[in-house]
Amino acid sequence: MTFIPTSVLVTGGAGFIGSNFIHSFIANNSDCTVTNLDCLTYAGNLKNLTALEGNPHYRFVKGDIGDAALVAGILADQRIDAVVHFAAESHVDRSITGPEIFVRTNVLGTQVLLEESRKHWQSGAVAAFRFLQISTDEVYGSLGDTGYFTEETPLAANSPYSASKAGADLLVRAYHETFGMPTLNTRCSNNYGPYHFPEKLIPLLIHNIINRKPLPVYGDGLNIRDWLHVRDHAVAIETVLKTAAPGAVYNIGGNNEWKNIDIVNLVCDLLDSRLRRADGENRGLITFVKDRLGHDRRYAIDASRLKADLGWGPSYTFEQGIAETIDWYLANQEWVAGVTSGAYREYYKNQYDGGAA
Ligand code: NAD
Ligand code: TYD
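These numbers come from a predicted model, not from an experiment.

Caption draft 1: The arrangement of the packing of helix H4 (residues 100-122) against helix H5 (residues 160-179) in detail. Viewed as axis vectors pointing N to C, H4 and H5 meet at an angle of 15°, and their least axial separation amounts to 8 Å. For the element pair H4 / H5, the angle class is roughly parallel. Between H4 and H5 lies a crossing whose hand is right-handed. Contact residues: H4 offers Phe102, Val103, Asn106, Val107, Thr110, Gln111, Leu114, Glu115, Arg118, Trp121 and Gln122, while H5 offers Tyr161, Ser164, Lys165, Ala168, Leu171, Val172, Tyr175 and Phe179.

What follows is the structure, encoded as structure tokens:
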């Protein structure tokens, strides 16, 4: 059974994955309207969406997912029939130094969104409805040298970030089990690609290499992450939204494990040639630093259920994806400079606050 949404509420659509999803979804669904609800934290950047300004199928609302009245108004006014929930605090290191906002946004904010969605769905205002939670493989905790996370792996989050995402993940399950709400839940591995905020490993490496700044590698650099191109993730989300059975949980991953140090070396080497530097020059910037507290050792996703049930698989090879990503950052230095200087916040004020400081 295919579900065809007509009016989608995307939360956190000014962030990295949300903005890539909106671009991809609008391009693929010309009859559907997207409302982007984002409160524009440090990670939200409307410059990720300038190409959609003036598009009649897209609207932006500045606001917090924890604002029940605002959320209820959008759901009713826009006759929303699908919520795709990206909005979150997303950086593990920030969750170690300041966990409170992670609980407020990721747990309490998700609860408000779920509750208002439940009322809207039960009011019968729309014929069909879906609530899709963007969860993460980090809810499963950490793996040893072998094995994979499946959808049956018990949740065992280790960082304040992943614990708050696990809380949201279980609330979504609870709304399905308790109320029969048609929820969906996807748990994806690490994403990379355009519009990635340069506090995360891959964009941070690219930015620091260009500027000849040290490349901080946590601990021994042998932690493993499983990388997926953000555009493959966007297509997987759309596939789950339209074709998964209500209540379903799907892992999303590209079967693409890398030790951190190998990624660091690869990005250094690809940028040696692009920046016309000597072979091996960028590797000289690598600096091993104190390990992240509670640093998960290995993530590896088994996404075979998604392939078997819904036919999704990644289209990017890592070689192609990482090369394209590096070239995107080199071609979009203005975007990176805006993000690192905070100038993107001025852009928002001019666009939506009438220039008020
Ligand atoms: P991001 O930090 O780039 O973007 C988060 C967005 O949410 C920002 O635009 C921010 O302004 C917005 N936001 C934060 N709090 C809000 C609130 N209270 N109300 C409204 N908007 C708010 O994050 P991302 O990397 O794009 O991740 C998006 C989602 O995907 C998150 O839920 C994250 O847990 C999940 N996820 C991320 C990855 C990854 O590799 N980045 C992997 C798996 C899952
Ligand atoms: P990150 O991009 O923060 O994603 P996550 O912690 O959600 O997986 O980090 C990816 C890996 O890279 C993780 O093992 C931590 C490591 N890392 C570094 O070694 N140095 C850095 O400066 C950063 C940001 C991350």
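Caption draft 2: Highlighting the sheet that holds strand E7 (residues 190-192). Reading across the sheet, the three strands line up as E7-E9-E11 and stay open at both edges, with mixed pairing between neighbours. The sheet is open, and its two borders are formed by E7 and strand E11 (257-259), each paired with just one other strand. In this sheet, adjacent strand axes meet at a mean angle of 50° when their direction is disregarded. Relative to the sheet, helix H7 (residues 230-243) contacts E7 and strand E9 (224-229), its axis offset from that of E9 by approximately 70°. Relative to E7, helix H10 (residues 318-331) is tilted by about 55°, and along the sheet it contacts E7, E9 and E11.

Caption draft 3: Spatial organisation of the nonpolar core. Counting 35 residues, the largest nonpolar core has Val10, Phe21, Ile22, Tyr58 and Val84 as the members making the most contacts within it. Elements with a minimum of two residues in this core: strand E1 (7-11), helix H1 (16-28), strand E3 (58-62), strand E4 (82-85), strand E5 (130-136), strand E6 (183-188), H7 and strand E10 (249-252). Ignoring any residue separated from it by four or fewer positions in sequence, one finds Val84 in contact with Val8, Leu9, Val10, Thr11, Phe21, Leu132, Ile134, Ile237 and Leu241. Residues Phe16, Ile202, Ile263 and Ile286 belong to the second largest nonpolar core, which totals 31 residues.

Caption draft 4: Geometry of the site of ligand 2. Every one of the 17 residues lining ligand 2 counts as a neighbour, but Glu138, Pro216, Arg225, Arg292 and His295 are closest to it. Within the backbone of Pro216, an N or O atom sits 2.8 Å from a nitrogen atom of ligand 2. When residues of the shell around ligand 2 are assigned to their parent elements, the largest contribution, three residues, is made by strand E8 (residues 215-218). Split by residue class, the shell around ligand 2 holds seven nonpolar, five polar and five charged.

Caption draft 5: How the structure looks around the sheet that holds E10. Judged by pairing direction, the sheet is parallel, and its seven strands sit side by side in the order E3-E2-E1-E4-E5-E6-E10 without closing on themselves. Both edges of this open sheet fall to E3 and E10, since each of them pairs with a single strand only. Pairwise comparison of adjacent strand axes, ignoring direction, gives a mean angle of 20° for this sheet. Strands E4, E5, E6 and E10 of the sheet are contacted by H7, whose axis makes an angle of about 145° with E5.

Caption draft 6: Local environment of H1. Look at H1: 19 Å from first C-alpha to last across 13 residues, which is about the 18 Å you get at 1.5 Å a residue. Among the residues of H1, those classed as buried are Phe16, Gly18, Ser19, Asn20, Phe21, Ile22, Ser24, Phe25 and Ile26. Buried residues along H1 sit in contact with E1, strand E2 (33-38), E3, E4, E7 and H7.

Caption draft 7: Geometry of the site of ligand 1. Looking at ligand 1, there are 28 residues lining it, with Ile17, Asp38, Ser90, Tyr161 and Lys165 nearest. Cys39 is positioned such that a nitrogen or oxygen atom in its backbone is 3.2 Å from a nitrogen atom of ligand 1. Of all the elements in the fold, those that place two or more residues in the shell around ligand 1 are H1, E5, H5 and E7. At three residues, the largest contribution of residues to the shell around ligand 1 is made by E5.

Caption draft 8: The arrangement of the packing of aromatic side chains in detail. In the structure shown here, the tally under the stated rule is 14 aromatic pairs. A ring pair is formed by Phe21 and Phe86, whose centres lie 5.4 Å apart and whose planes are at 50°; its orientation type is tilted. Taken together, the residues Phe21 in helix H1 and Phe86 in the loop between E4 and helix H3 (92-97) connect sequence positions 65 residues apart. When its relative accessible area of 10% is taken as the criterion, Phe86 is described as buried. Considering the side-chain rings of Tyr192 and Phe318, the 5.1 Å spacing of their centres and the 75° angle between planes classify their relative orientation as edge-to-face. Here Tyr192 is found in strand E7, whereas its partner Phe318 is found in helix H10, with 126 residues between them in sequence. Each member of the pair, Tyr192 as well as Phe318, is classed as buried. A connected cluster of aromatic rings, assembled from ring pairs, spans Tyr195, Trp328, Tyr329 and Trp335. Above the ring of Phe3, the side-chain terminus of Arg130 is found at 4.6 Å from the ring centroid. The positively charged end of Arg225 is found above the aromatic ring belonging to Tyr299, 3.9 Å away from the centroid.

Rules used throughout
Residues numbered from 1 in each chain as written. Chains lettered and ligands numbered in written order. Predicted model: local features only at pLDDT ≥ 70, side-chain atom pairs only at ≥ 80, totals over all residues. Heavy atoms only, no water. Axes fitted to C-alpha atoms, helices over the stretch in contact; angles between N-to-C directions. Helix = DSSP H or I, 4+ residues; strand = E, 2+ residues; numbered from the N terminus. Parallel < 35°, antiparallel > 145°, perpendicular 65-115°, else oblique. Left-handed = near helix turned anticlockwise from the far one by under 90°. Contact = heavy atoms within 4.5 Å. Pairing = 2+ DSSP bridges. Core = buried A, V, L, I, M, F, W, Y, C linked by side-chain atoms within 4.5 Å. Buried < 20%, exposed > 50% of the residue type's maximum accessible area, 1.4 Å probe, protein only. Near = heavy atom within 4 Å. Polar contact = N/O pair within 3.5 Å; in protein donor to acceptor, adjacent residues only side chain to side chain. Nonpolar A, V, L, I, M, F, W, Y, C, P; charged D, E, K, R; others polar. Expected span 1.5 Å × (residues − 1). Phe/Tyr/Trp six-rings, centres within 6.5 Å; stacked < 30°, edge-to-face > 60°. Lys NZ or Arg CZ within 6 Å of the ring centre and 35° of its normal.

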